[in-house]
2 protein chains.
Amino acid sequence: MNPVVIAIDAMGGDFGLSVTTPAVIAFLNKKSNAAFSITMVGEESQVNQAIQDAQGQSLLASGKLTIQHASEEVGMDEPPAKALKRKKDSSMRVAINLVKEGTAQAAVSAGNTGALMATARFVLRTIAGVDRPAICTTMPCIDPTKSVLMLDLGANVDSPPELLKQFAVMGMVLARATRRIESPSIALLNVGAEEMKGSEKIKGAAQLIGATKLNYVGFIEGDELYSGKVDVIVTDGFEGNVALKASEGTAKMVMTVLKEEFTRSWFTKINALMAKSVFKRMQSRLDPRSHNGATLMGLNGIVIKSHGGTDSVGFEYAIVEAATQAKRNIIGQLAEGVALFESQANMPEEEAAHNI
Amino acid sequence: MNPVVIAIDAMGGDFGLSVTTPAVIAFLNKKSNAAFSITMVGEESQVNQAIQDAQGQSLLASGKLTIQHASEEVGMDEPPAKALKRKKDSSMRVAINLVKEGTAQAAVSAGNTGALMATARFVLRTIAGVDRPAICTTMPCIDPTKSVLMLDLGANVDSPPELLKQFAVMGMVLARATRRIESPSIALLNVGAEEMKGSEKIKGAAQLIGATKLNYVGFIEGDELYSGKVDVIVTDGFEGNVALKASEGTAKMVMTVLKEEFTRSWFTKINALMAKSVFKRMQSRLDPRSHNGATLMGLNGIVIKSHGGTDSVGFEYAIVEAATQAKRNIIGQLAEGVALFESQANMPEEEAAHNI
């Protein structure tokens, strides 16, 4: 069996090679990842040097790790249209080209979200039945054994109900494939749990999704995002982005206050020192790095967006996400799922139930 | 000078009299509140009994505290339309009637938000130049010396740009009156800081608000809600509600994880005991009770909505908010502000600047 190849935009992100290289090497050095090989895309001599510096020569020698030259880089603040038109040999674009050609089965980039989305859409196109791709990510829940998939997180604003229905199907496929949940429960983010509440687009989406065979359970409010009550939360990209970023802002405030109060005096500092293991476990449960790797869902190929400011531990999680999706053939499953839910409205109930 | 009278929906909220009564008595017993008197609205004998039980007889005797009978109560889950049509003698409705008649200068209720908004709108109507009232609240910032006003938090969904402009004016007036900021900075909640980003309604609102003499500073993203960078954040009620509730959900998750990790073993429990003062100060900085009391802004009268599940400490903060707004004549200032910004578009620049 041929190994599954993952293309890495080696130059992307706030820290470029200094983060991507150690993450790639750590990933490939794990025995459990023996079925994968990686192509790092970037300026060849720089990539080669970074691999040497990180003791990755043997991986190059064995062929588990290869380098694909790309002469340009997309800047973190570069407008998507400019990146798309003028940087045809960027590390980001070439990595996505490898997926398009079938040379790689997934691409990972920590580069600028807008440029990545524009490039991926242009090169890969959306699969049949999906009008626009969505950004999808996994978030932690209060119960550490649970997590929740949420989409869209900012790729689309003013999404009509039909698009929200497509997001629901995509979320279902991703949750089923990566989290092994047979029939994931799906909720729409709204301002109240009652049927009459909400914006026109949400009420329209509730009707559309409710009429499918998806396991649609109704509305969920912002304070229950992390409750673990549902497997998939569907939202327009505007509200999804607001919810995600408001959560980031809140977590930052709480952690800052905690830190300030624990460093107020020598007594509290001793307290903090004693409680080091508590803070460590707390951090590991809330660590955004362990949920790093958002999926650009709905494309003809797997593209994973890493947080731009993550470190190599976080970037490795994004590679793992790409590997999991490639291994489980998420694109094939997505195409099947979308086709099923497009035609299902006209199918007799028993037949539809049988097909799920 | 006549005292300022505050009408209290004594039966409202999850806990009714057991929360409202001690809050009222604590408020009136403070010397700094000598200029205020309170009318508790509810079933007379029950209210009277609650006041006796809480040692408030002397306040009744002195006339600082009076009781206004109301035979009905609005349930916490009662549909707004039903409360409005069928409960004309509810404690909520009668308290708002007192404001309408001028017998009271403000009303406070911990009752169901939908019913309170519907009743207050019906009885008091909006002031000239305001199409719909908004829910407005103050939120803490990372810097404890700062806070931020945010509106709307859920009264209106699908708000057109013109309505968002009205919210901006209302936020400016409230921040200026209650926080003594001469020219409060105002931002629109959006999914990115760049001009081209966002939904159609937000882009339209940016143009409208940017054309006024308001101190409009541009877009703000969800992760900066608590940064203290701006004084007022304007948003449609859908996104505002999502942001607020996502923040509540996140804070709850972080605090739950903190608690779970500190009670994991006898050693961590001793740690937690030693750090008691740290947690106390942390809680006081993040205490949602100290920001209790949302304003139904834009009505012909002051109506403050307390959180339904708050305790007497929290409810007293809501009374203080009502007292502050009544003392500073927020309704008169709002009418002036709205009139000013309605006409200003046609005013020469120097004249407009002079009027602010």
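All chains use their own residue numbering, which begins from 1 and follows the written sequence. Chains and ligands are labelled by the order in which they are written, letters from A for the one and numbers from 1 for the other. Selection of residues for local features in this predicted model requires a pLDDT of at least 70, selection of side-chain atom pairs for listing and counting requires 80 or more, and totals for whole chains, interfaces and linings are taken over all residues. The basis for every side-chain value is the complete set of non-hydrogen atoms in the structure, without hydrogens or water.

Asks: Even after reading the chapter, I still don't get the nonpolar core, so can you show me in this structure?
Replies: Nonpolar side chains tend toward joint burial in soluble globular proteins. Note on terminology: a nonpolar core comprises buried Ala, Val, Leu, Ile, Met, Phe, Trp, Tyr and Cys residues joined through side-chain atoms within 4.5 Å. For every residue, the accessible area (1.4 Å probe, protein chains only) is compared with the maximum for its type, and the residue is labelled buried under 20%, exposed over 50%, or partly exposed between those bounds. Core analysis: the biggest nonpolar cluster contains 232 residues, and I6(A), I38(A), I6(B) and I38(B) have the highest contact counts within it. Residues in contact with I38(A), not counting those within four places in the same chain, are I6(A), I8(A), V24(A), F27(A), L28(A), K64(A), L65(A), T66(A) and I319(A). In what follows, a contact means two residues having at least one pair of non-hydrogen atoms within 4.5 Å.

Asks: How should I be thinking about the packing of helix 9 (residues 237-262) of chain A against helix 9 (residues 237-262) of chain B in this particular structure?
Replies: Between two packed helices, both the angle of their axes relative to each other and the distance between the axes serve to describe the pair. Where helix 9 of chain A meets helix 9 of chain B, the axes come as close as 8 Å, and the angle between the chain directions of the two elements is 40°. Compared by their axis directions, helix 9 of chain A and helix 9 of chain B come out oblique. Once helix 9 of chain A is placed against helix 9 of chain B, the crossing between them reads as right-handed. On helix 9 of chain B, the residues touching F238(A), E239(A), V242(A), A243(A), A246(A), S247(A), T250(A), A251(A), V254(A), M255(A), L258(A) and F262(A) of helix 9 of chain A are F238(B), E239(B), V242(B), A243(B), A246(B), S247(B), T250(B), A251(B), V254(B), M255(B), L258(B) and F262(B). Here the term charged refers only to Asp, Glu, Lys and Arg, the term nonpolar to Ala, Val, Leu, Ile, Met, Phe, Trp, Tyr, Cys and Pro, and the term polar to all other amino acids, Gly among them. Looking at side-chain class alone, the contact of helix 9 of chain A with helix 9 of chain B contains 18 nonpolar, 4 polar and 2 charged residues. Orientation is described by lines fitted to C-alpha atoms, with helices fitted over the stretch in contact, and by angles between N-to-C directions that extend from 0 to 180 degrees. By the criteria applied, helices consist of DSSP H or I runs no shorter than four residues and strands consist of E runs no shorter than two, each listed in order from the N terminus. Roughly parallel refers to an angle under 35 degrees, roughly antiparallel to one over 145, roughly perpendicular to one between 65 and 115, and oblique to any angle outside these ranges. Helix crossings are classified by the rotation of the near helix relative to the far one: an anticlockwise turn of less than a right angle makes the crossing left-handed, while a clockwise turn makes it right-handed.

Asks: I tried to follow the pattern of salt bridges on my own but got confused; where do I start?
Replies: When a carboxyl oxygen of Asp or Glu lies within 4 Å of a side-chain nitrogen of Lys or Arg, that pair is called a salt bridge. On inspection of all chains with the given rule, the structure shows 19 salt bridges over all chains. The shortest N-O distance in the salt bridge between K229(A) and E224(A) comes to 2.7 Å.

Asks: Looking at this structure, I do not really get the interface of chain A and chain B. What am I missing?
Replies: Much of the literature gives interface size as the accessible area that the parts lose upon coming together. Facing the 51 residues of chain A at the interface are 51 residues of chain B. Once two parts are joined, some of their accessible surface, as seen by a 1.4 Å probe, is lost; buried area is that loss totalled over both. Interface of chain A and chain B: buried area, both sides summed, is about 4,900 Å²; carbon and sulfur atoms make up 73% of it. Where chain A touches chain B, the interface holds 4 salt bridges. Ionic pairing is found between K245(A) and E221(B), a salt bridge with its closest N-O pair at 2.1 Å. Polar contact is the term for a pair of N or O atoms within 3.5 Å; when the atoms are in protein, one must be able to donate a hydrogen and the other to accept it, and sequence-neighboring residues count only if both atoms are side-chain atoms. Joining chain A to chain B, the criterion identifies 12 residue pairs in polar contact (both at pLDDT 80 or more). Mapped onto the side of chain A that touches chain B, the elements with two or more residues apiece are helix 8 (200-210), helix 9, helix 10 (266-274) and helix 11 (276-286) of chain A. A per-element tally of the side of chain A that touches chain B places helix 9 of chain A first, with 22 residues. Classifying every residue of the side of chain A that touches chain B gives 27 nonpolar, 12 polar and 12 charged.

Asks: Sorry, what's going on with helix 1 (residues 17-29) of chain A here?
Replies: The α-helix advances 3.6 residues per turn, and as a result positions three or four apart in sequence lie on the same side. All names here are of chain A. The terminal C-alpha atoms of helix 1 lie 18 Å apart, and with 13 residues this matches the ideal 18 Å at 1.5 Å per residue to within 8%. Along helix 1, the positions that sit buried rather than exposed are L17, V19, T20, T21, A23, V24, I25, F27 and L28. Its buried side turned inward, helix 1 meets strand 1 (4-9), strand 2 (36-42), helix 2 (44-53), helix 3 (57-62), strand 3 (65-69) and helix 12 (312-327). Take the residue count of a helix, subtract one, and multiply by 1.5 Å to get its expected span.

Asks: Whenever I open this one, the sheet that holds strand 2 of chain A confuses me. Can you help?
Replies: Whenever strands of a sheet pair, they do so through backbone hydrogen bonds, lying parallel or antiparallel. Residue and element names in this part refer to chain A. Two strands are said to pair when DSSP picks up at least two bridges between them. The strand order across the open sheet formed by 11 strands is 3-2-1-4-11-10-5-6-9-7-8, and the pairing between neighbours is mixed. Each edge of the open sheet carries a strand with a single partner, namely strand 3 and strand 8 (216-220). The average angle at which neighbouring strand axes cross in this sheet is 25°, direction not considered. Pairing of strand 10 (residues 294-297) with strand 11 (residues 302-305) involves 2 bridges; the strand directions are antiparallel. Considered in strand 11, the bridge of A294 is made with K305. Across the sheet, helix 1 is in contact with strand 1, strand 2 and strand 3; its angle to strand 2 comes to roughly 165°. Each of strand 2 and strand 3 is contacted by helix 2, which is oriented at about 155° to strand 3, the strand it contacts most.

Asks: Would you take a moment to explain the packing of aromatic side chains for this structure?
Replies: For any pair of aromatic rings, the description consists of the separation of the ring centres together with the inter-plane angle of the planes. Two rings from Phe, Tyr or Trp (for Trp, the six-membered ring) form a pair when their centres sit within 6.5 Å of each other. Planes less than 30 degrees apart are called stacked, planes more than 60 degrees apart edge-to-face, and all others tilted. For the structure on display, the rule yields 8 aromatic pairs over all chains. Judged by centre distance (6.2 Å) and plane angle (90°), the ring pair of W266(A) and F267(A) falls under edge-to-face. Taking the relative accessible area as the measure of exposure, W266(A) reaches 66% and is therefore exposed. On the basis of relative accessible area, F267(A) is assigned to the partly exposed category, the value being 36%. Taken together, the ring pairs connect F262(A), F279(A), F262(B) and F279(B) into an aromatic cluster. A ring is considered to have a charge above it if a Lys NZ or an Arg CZ atom is located within 6 Å of its centre and within 35 degrees of its normal. Sitting over the ring of F122(A), R125(A) keeps its end group 5.2 Å from the ring centre.

Asks: Quick question: what am I supposed to make of the confidence of the model for chain A here?
Replies: Regions with low pLDDT should not have their predicted coordinates read in detail. Residue and element names in this part refer to chain A. Confidence along chain A averages 90 in pLDDT terms, with 94% of residues attaining 70 or more. Looking over chain A, one finds the lowest element-wise mean pLDDT in helix 14 (residues 349-355), namely 47, and the highest in strand 4 (residues 106-109), namely 98. The pLDDT value tells you how sure the predictor is about a given residue, anywhere from 0 up to 100. pLDDT under 50 marks residues 351-356. Its contacts with residues more than four places away, or in other chains, come to 10 contacts. In the predicted complex, the global pTM is 0.88; the interface-specific ipTM is 0.85.

Asks: Whenever I open this one, the sheet that holds strand 1 (residues 4-9) of chain B confuses me. Can you help?
Replies: Residue and element names in this part refer to chain B. The strand order across the open sheet built from 11 strands is 3-2-1-4-11-10-5-6-9-7-8, with neighbouring strands paired in mixed fashion. This sheet does not close on itself; its edge strands, each paired only once, are strand 3 (65-69) and strand 8 (216-220). Taken pair by pair, the neighbouring strands of this sheet meet at an average axis angle of 25°, ignoring direction. Where strand 5 (residues 134-140) and strand 10 (residues 294-297) come together, 3 bridges link them in antiparallel fashion. Directly across from C136, in strand 10, lies its bridge partner T295.

Asks: Would you explain the relation of the copies chain A and chain B in this entry?
Replies: In this structure, two copies of a chain are linked by a rotation about an axis accompanied by a shift along it. Here the copies were fitted onto each other by least squares, based on C-alpha atoms from residues at pLDDT of at least 70 in both. Between the two copies, chain A and chain B, the superposition gives an RMSD of 0.0 Å; the rotation angle is 180° and the shift along the axis is 0.0 Å. Taken together, these values place the two copies in the relation of a two-fold axis.

Asks: Whenever I open this one, a positive patch on the surface confuses me. Can you help?
Replies: Residues and elements named next belong to chain A. Residues K100, R121, R125 and R132 make up a contiguous surface patch of positive charge. Structurally, the position occupied by R132 is in the loop between helix 6 (113-124) and strand 5 (134-140). When its relative accessible area of 32% is taken as the criterion, R132 is described as partly exposed. Only residues whose relative accessible area exceeds 30% and that form no salt bridge enter a patch; like-charged residues are grouped when within 9 Å of one another, and nonpolar side chains (Val, Leu, Ile, Met, Phe, Trp, Tyr) when within 5 Å. Only the protein chains shown count as cover for residues, and the accessible areas themselves come from Shrake-Rupley with a 1.4 Å probe. By the counting scheme adopted, Arg and Lys are positive, Glu and Asp are negative, and His together with the chain ends is not counted. All charge positions are set by atom: Lys at NZ, Arg at CZ, Asp at CG, Glu at CD.

Asks: Which parts of the structure should I look at to understand the side chain of E316(A)?
Replies: Here E316(A) is to be found in helix 12. Aside from chain neighbours lying at most four places away, what touches E316(A) is A23(A), A26(A), F27(A) and K30(A).

Asks: Would you mind going over the pairing of strand 10 of chain A with me for this structure?
Replies: Two faces, one strand: in a regular strand the side chains alternate between the faces of the sheet. A two-sided burial pattern is seen for strand 10 of chain A, the buried positions comprising A294(A) and L296(A) on one face and T295(A) and M297(A) on the other. Where strand 10 of chain A folds back onto strand 11 of chain A in an antiparallel hairpin, the turn is made up of 4 residues, including G298(A), whose phi is positive at roughly 115°.

Asks: Could you clarify how one ought to interpret the state of the cysteines in this entry?
Replies: As used here, a disulfide is simply a covalent bond connecting the sulfur atoms of two cysteines. Disulfides are defined as cysteine sulfur pairs within 2.5 Å. According to the stated counting rule, one finds 0 disulfides over all chains in the structure shown. Summary of cysteine pairing: C136(A) is not part of a disulfide, and the nearest cysteine sulfur, belonging to C141(A), is at 13 Å.

Asks: I would appreciate a short explanation of the pairing of strand 2 of chain A in the present structure.
Replies: Residue and element names in this part refer to chain A. Within strand 2, 7 of the 7 residues are buried, which leaves the element mostly enclosed by the surrounding structure. Both faces of strand 2 are covered, namely the face carrying F36, I38, M40 and G42 and the face carrying S37, T39 and V41. Look down the strands so they point away from you; if going from the first strand over the helix to the second traces a clockwise path, that crossover is right-handed. Read as a crossover between parallel neighbours, the route from strand 1 over helix 1 to strand 2 is right-handed. One ladder, built from 5 bridges, connects strand 2 with strand 3; its direction is parallel. From the neighbouring strand, I38 faces strand 3, where its bridge partner is L65.

Asks: Would you mind showing me how to read unusual backbone geometry here?
Replies: Of all residues except glycine, most have a negative phi; of all peptide bonds, most are trans. With an omega of 0°, the peptide bond between L151(A) and D152(A) qualifies as cis. One non-glycine residue, R125(B), lies in the positive phi region at around 65°. Of note, R125(B) is situated in the loop between helix 6 (113-124) and strand 5. Note on R125(B): relative accessible area 48%, which makes it partly exposed. For N329(B), which is not a glycine, the phi torsion comes out positive at approximately 50°. Within the secondary structure, N329(B) is located in the loop between helix 12 (312-327) and helix 13 (330-343).

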